[in-house]
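Overview (structure and organization)
Residues per chain are reported as follows:
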Amino acid sequence: MKPAYKGRTKYHNRAAIYVVCLLVMVIAIVFAVNGNSLRIKKAEYQAQLDSLEEQYESEVAREEELEEYEKYTKTMKYYEEVAREKLGMVYEDEIIFKDSE
């Protein structure tokens, strides 16, 4: 019986199989290295995302505090405190005690 392809021997077929196996191994190594670098990037991005979420929550809390302070600054109690502390004003019937120092 003649070989299917003229001039090819078992040696040539084995060499082709070895070359194909080598190429498959090289491709597998490249995928493994790239996959590892992608996992590292994913971990970095996750850490960055966590940091940004914490920062967002902090800013939301700060916004709520500012809104509460804005409401407080529109009250009569705030006006009285500012008048007492910064302007030194008192009610007419109020008695003030000062230190002798």
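As a reminder, the structure under discussion sits directly above these lines.
Now for a description of the structure that goes with this document.

Conventions and cut-offs
Residues numbered from 1 in each chain as written. Predicted model: local features only at pLDDT ≥ 70, side-chain atom pairs only at ≥ 80, totals over all residues. Heavy atoms only, no water. Helix = DSSP H or I, 4+ residues; strand = E, 2+ residues; numbered from the N terminus. Buried < 20%, exposed > 50% of the residue type's maximum accessible area, 1.4 Å probe, protein only. Phe/Tyr/Trp six-rings, centres within 6.5 Å; stacked < 30°, edge-to-face > 60°. Salt bridge = Lys/Arg side-chain N within 4 Å of Asp/Glu carboxyl O. Patch = residues over 30% accessible without salt bridge, like charges linked within 9 Å, V, L, I, M, F, W, Y side chains within 5 Å. Areas by Shrake-Rupley, 256 points an atom, 1.4 Å probe, with all protein chains shown as cover. Lys, Arg positive; Asp, Glu negative; His and termini not counted. Charge placed at Lys NZ, Arg CZ, Asp CG, Glu CD. Polar contact = N/O pair within 3.5 Å; in protein donor to acceptor, adjacent residues only side chain to side chain. Contact = heavy atoms within 4.5 Å.

When you go through the protein residue by residue, the secondary structure sums to 2 helices and 0 strands. Taken over 101 residues, the protein has a buried fraction of 3%.

Quick look at the packing of aromatic side chains now. Applying the stated criterion to the full structure yields 4 aromatic pairs. With a centroid separation of 6.4 Å and 45° between ring planes, the pair formed by Tyr69 and Tyr72 is classed as tilted. Within this pair, Tyr69 and its partner Tyr72 are both found in helix 1 (residues 10-73), separated by 3 residues, close to a single helical turn. Overall, Tyr69 belongs to the partly exposed group, its relative accessible area being 45%. In this structure Tyr72 comes out as partly exposed when scored by relative accessible area, which is 27%. Seen in terms of ring centroids, Tyr72 and Tyr78 are 5.5 Å apart; in terms of plane orientation they differ by 75°. Their pairing is edge-to-face. Site record: aromatic cluster; members linked through ring pairs are Tyr69, Tyr72, Tyr78 and Tyr79.

On to the pattern of salt bridges, then. Per the stated rule, a full pass over the model turns up 3 salt bridges. Ionic pairing is found between Lys71 and Glu68, a salt bridge with its closest N-O pair at 4.0 Å. Of the two residues, Lys71 and Glu68 are both situated in helix 1; the distance of 3 residues between them amounts to about one turn of the helix. Neither residue differs from the other here; Lys71 and Glu68 are each classed as exposed.

A cluster of acidic residues, Glu59, Glu63, Glu64, Glu65 and Glu67, forms a negative patch at the surface. Positionally, Glu67 belongs in helix 1.

Right, let's talk about the side chain of Thr73 for a bit. Along the chain, the position of Thr73 falls in helix 1. Within the local environment of Thr73, its side chain forms a polar contact with the backbone oxygen of Glu70, the two atoms lying 2.7 Å apart. In this structure, Thr73 is in contact with Tyr78 and Tyr79, ignoring residues within four places of it in sequence.

Turning to a nonpolar patch on the surface, a few remarks are in order. Together, Leu22, Val26 and Val30 make up an exposed nonpolar region whose accessible area comes to about 250 Å². Looking at where Val30 falls in the secondary structure, it is placed in helix 1. Look at Val30 and you get partly exposed, because its relative accessible area is 43%.

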